[in-house]
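Take a look at the letters that make up each chain.
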Amino acid sequence: RNIMTSIADYYAGKNVLITGATGFMGKVLVEKLLHSCPDVRALYILVRPKANQSMQERVKDMVKCKLFDNLRETSPDFHQKLIPISSELMQPGLGLSLKDEDKLSACIHVIFHCAATIRFDEPLNLALRMQQLEAFIHISTAYANCDRHRIEEVIYPPPVDPSKLISSLEWMDDGMVDDLTPRLLGKRPNTYTYTKALAECVVQQYSSKLNIAIVRPSIVVASWQEPFPGWIDNLNGPSGILVAAGKGLLRTMRADNHAVADIIPVDVVINLTITAGWYTAMNRPTSALVYNCTTGGLNPVCWGEIEYHVMATFERAPLEKVFRRPNAHFTSSHLANQYWILVSHKIPGVMYDLYLRLSGQKPQIMRIFNKLHKAAGLLEYFSNQEWEWSSDNADMLMNQLSAEDQQIFKFNVRQLNWPEYLENYCIGTKKYVLNEDLADIPVAKQHLRKLRNICYTFNMLLLILVWYIFIAPSQLAHDFWSYVVSFCLKPLSYFDSSSILPN
């Protein structure tokens, strides 16, 4: 392979523009660039001001996150390289002022477009006006073409003409859009995957004028190694399911235990994204390169394995104040899932809410269960089937790196140890999302033991109740029960008789 400038050396002195910088992936991208490319000149981040919070305050709150702890130790003044730019992605021209647009046009070298927006061409039109731009990296999703079983690293024809669709949406009211949406989606599960497919096609149209790459991550979850193993800051997607299972709320979910769960650690995605920016700028490909950032074809893990390791971890390191003993199971059967939702979710939820009402408290469990069912329903499409993704471009990209950069910007998922990673993921939700102290695990275990004893006691009382209601009044049932008990106790008679035999 050709010897090229290292990634850190390339980004030295560069000005980088990031959309979606305050989101989950955007924050990790900001931290990684500042930490591993310390000589980067500045990171310009598009921020939407809120009614009660300026963009400067939003950025200040963002960098208080534990994500930046390591960076604070090595570079206490890192925040000085963060330059917030007021922007509204849904507005024409991204809502930029003329002054800010001129500033960006004059100095930006690399764009990382992480935000999701239906104004597909606005970031690209801005990129065309940038005088020093060397690379435009667009973050898509591996499920943009989920209506196909095998997905290559190519841009597929759009389901509709993006420009015509946008023009149509501008004069339609909400009711018309709602009626049209199911017909537009076809086999796709939601508007997110649909609009990502359209965005890829728009990006491709600019590939003759810009140096473009597209990164397609699958389901992005907690970090593998950086900045900390298991770092996560939200309950979106699988993370919310994990916490609900750990709290004892979730007892059932529709998922094929044998299907591959294509989840990808966030730091893997960001390392590949930064590397794609470096390669695109250094080599200037004649067409947009697509990088599928997935695990299923390289180091697969099934939903059944995830269930096992998650439950095992929450037994060793339980969450605090759990509702019930964690005991979640996946099933591919819709009928079985609905049965267990009724028995394990709805009936206990109604009973507990009734108790809360009678004690003068606000009922909340059924509301939580309804949110949980909605979240699980959104994941069902992805947890009951699997896809095949090619990874030739991602492998090529890895081979372009020096041995040192392969370690600094690691995205080789073949080295991922799933049991270890899933344990860190579960503990990460406990530490970073729920803000629970690991020193309190013994107390959480004690609470779990109490719940287990309560469960055993309740089951015993239920068995006694069934005995008195159904078995005791019936002579036939009584005789059958006596036969079963005597059969089970028969082996013990050997020990009784052998104890009186002379030696």
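First things first, this report covers the structure right here in the doc.

### A few points about the overall build of the chain
Across its full length, the chain carries 20 helices and 13 strands. Taken over the C-alpha atoms alone, the chain extends approximately 100 × 60 × 45 Å along its principal axes. Of the contacts formed within the chain by residues at least 6 apart in sequence, a portion of 82% connects residues at least 24 apart. Element-wise, carbon and sulfur atoms account for 55% of the exposed surface of the chain, whose accessible area totals about 25,200 Å².

### Describing the pattern of salt bridges
Throughout the structure, instances matching the rule amount to 17 salt bridges. One salt bridge in this structure joins Asp69 and Lys66, with 3.3 Å as the shortest N-O distance. Its salt-bridge partner being Glu152, residue Arg150 comes within 2.7 Å of it at the nearest N-O pair. Of the residues examined, Arg150 reaches a relative accessible area of 40% and is grouped as partly exposed. The network of salt bridges with shared partners includes Lys66, Asp69 and Arg72.

### Overview of the pairing of strand β1 (residues 15-19)
On a regular strand, one side chain projects to one face of the sheet and the next to the other, so that they alternate. Most of β1 is tucked away, with five of its five residues classed as buried. Neither face of β1 is open: one carries Asn15, Leu17 and Thr19, the other Val16 and Ile18, and all of them are buried. With four bridges joining them, β1 and strand β2 (residues 42-47) adopt parallel strand pairing. If you follow Asn15 over to β2, its bridge partner there is Ala42. Taking the sense of rotation as the criterion, the β-α-β connection linking β1, helix α2 (residues 24-36) and β2 turns out right-handed. Relative to strand β4 (residues 110-113), β1 runs parallel, the two sharing four bridges. In the sheet register, Leu17 faces β4, and the bridge partner there is Ile111.

### A word on unusual backbone geometry
Along the chain, Glu226 connects to Pro227 via a cis peptide bond; the corresponding omega equals -5°. In the Ramachandran plot, Leu94 falls in the positive-phi region, its phi being about 60° despite a non-glycine side chain. Within the secondary structure, Leu94 sits in the loop between β3 (82-86) and α5 (98-107). Judged by relative accessible area, Leu94 falls into the buried class, the value being 1%. Positive phi, normally seen in glycine, also occurs at Lys321, with a value near 55°. Mapping Lys321 onto the fold places it in the loop between α12 (303-316) and β12 (329-331).

### Digging into the packing of aromatic side chains
Remark: the centre distance and the inter-plane angle together describe each pair of aromatic rings, the angle taken between the planes. Under the criterion given, the structure shown has 18 aromatic pairs. Taken together, a centroid distance of 5.6 Å and an interplanar angle of 5° make the contact between Phe68 and Phe78 stacked. On the criterion of sequence distance, the pair formed by Phe68 in the loop between α3 (55-63) and α4 (69-74) and Phe78 in the loop between α4 and β3 is long-range, its members being 10 residues apart. Residue Phe78 is classed as buried on the basis of its relative accessible area, which comes to 5%. Site record: aromatic cluster; members linked through ring pairs are Tyr143, Tyr381, Phe382, Trp387 and Trp389.

### Quick notes on the environment of Asp39
In this structure, Asp39 sits in the loop between α2 and β2. On the basis of relative accessibility, which here comes to 54%, the residue Asp39 falls in the exposed class. Sequence separation between Asp39 and Arg148 is 109 residues; the distance between their C-alpha atoms is 42 Å. Excluding anything up to four places from it in sequence, Asp39 contacts Tyr11, Ala12, Gly13 and Lys81.

### Things to note about a nonpolar patch on the surface
A cluster of nonpolar residues, Phe458, Met460, Leu461, Leu462, Leu463, Ile464, Leu465, Val466, Tyr468, Ile469 and Phe470, forms a patch on the protein surface that exposes about 1,100 Å² of accessible area. On the basis of relative accessibility, which here comes to 58%, the residue Phe470 falls in the exposed class.

### Some points on the layout of surface pockets
Estimated volume of the largest pocket: approximately 1,100 Å³. Here the lining of the largest pocket gets six residues from one element, more than from any other, and that element is helix α14 (residues 365-383). One number sums up the size of the second largest pocket: a volume of about 910 Å³. Of all the elements in the fold, those that place two or more residues in the lining of the second largest pocket are β12, α13 (334-358) and α18 (441-471).

### Quick look at helix α9 (residues 191-205)
Helix length check: α9, at 15 residues, gives a terminal C-alpha distance of 21 Å against a target of 21 Å (1.5 Å per residue), a fit within 8%. Listing the buried residues of α9 in full gives Thr193, Tyr194, Lys196, Ala197, Leu198, Ala199, Glu200, Cys201, Val202 and Val203.

### Observations regarding the side chain of Ser140
Following the sequence through the fold, Ser140 ends up in the loop between β5 (135-139) and β6 (150-151). Side-chain polar atoms of Ser140 contact the side chain of Glu200, separated by 2.7 Å.

### Concerning the packing of α13 against α14
Taken N-terminus to C-terminus, the directions of α13 and α14 make an angle of 155°; their axes are 8 Å apart at the nearest point. Put simply, α13 runs roughly antiparallel to α14. You can see that α13 and α14 cross each other, and the crossing is right-handed. Together, Asn337, Ile341, Ser344, His345, Lys346, Gly349, Val350, Tyr352 and Asp353 of α13 and Ile365, Met366, Phe369, His373 and Glu380 of α14 make up the contact between the two elements. Grouping the constituent residues of the contact of α13 with α14 by class yields six nonpolar, five polar and three charged.

### Structural notes on the pairing of β5
Within β5, five of the five residues are buried, which leaves the element mostly enclosed by the surrounding structure. Across the two faces of β5 the burial is the same, with Ala135, Ile137 and Ile139 and Phe136 and His138 all buried. Sheet topology note: the β4/β5 ladder contains four bridges and is parallel. Bridge pairing in β5 places His113 opposite His138. Pairing of β5 with strand β7 (residues 212-217), which is carried by four bridges, proceeds in the parallel orientation. Bridge pairing in β7 places Phe136 opposite Ile212.

What counts and what doesn't
Residues numbered from 1 in each chain as written. Predicted model: local features only at pLDDT ≥ 70, side-chain atom pairs only at ≥ 80, totals over all residues. Heavy atoms only, no water. Helix = DSSP H or I, 4+ residues; strand = E, 2+ residues; numbered from the N terminus. Contact = heavy atoms within 4.5 Å. Areas by Shrake-Rupley, 256 points an atom, 1.4 Å probe, with all protein chains shown as cover. Salt bridge = Lys/Arg side-chain N within 4 Å of Asp/Glu carboxyl O. Buried < 20%, exposed > 50% of the residue type's maximum accessible area, 1.4 Å probe, protein only. Pairing = 2+ DSSP bridges. Right-handed = clockwise from strand over helix to strand, strands pointing away. Phe/Tyr/Trp six-rings, centres within 6.5 Å; stacked < 30°, edge-to-face > 60°. Patch = residues over 30% accessible without salt bridge, like charges linked within 9 Å, V, L, I, M, F, W, Y side chains within 5 Å. 1 Å grid on protein atoms, 1.4 Å probe; cavity = no way out; pocket = protein on both sides within 12 Å on 5 of 7 lines; lining within 4 Å. Points joined across faces, edges and corners; volume = space filled by probe spheres on them. Expected span 1.5 Å × (residues − 1). Polar contact = N/O pair within 3.5 Å; in protein donor to acceptor, adjacent residues only side chain to side chain. Axes fitted to C-alpha atoms, helices over the stretch in contact; angles between N-to-C directions. Parallel < 35°, antiparallel > 145°, perpendicular 65-115°, else oblique. Left-handed = near helix turned anticlockwise from the far one by under 90°. Nonpolar A, V, L, I, M, F, W, Y, C, P; charged D, E, K, R; others polar.

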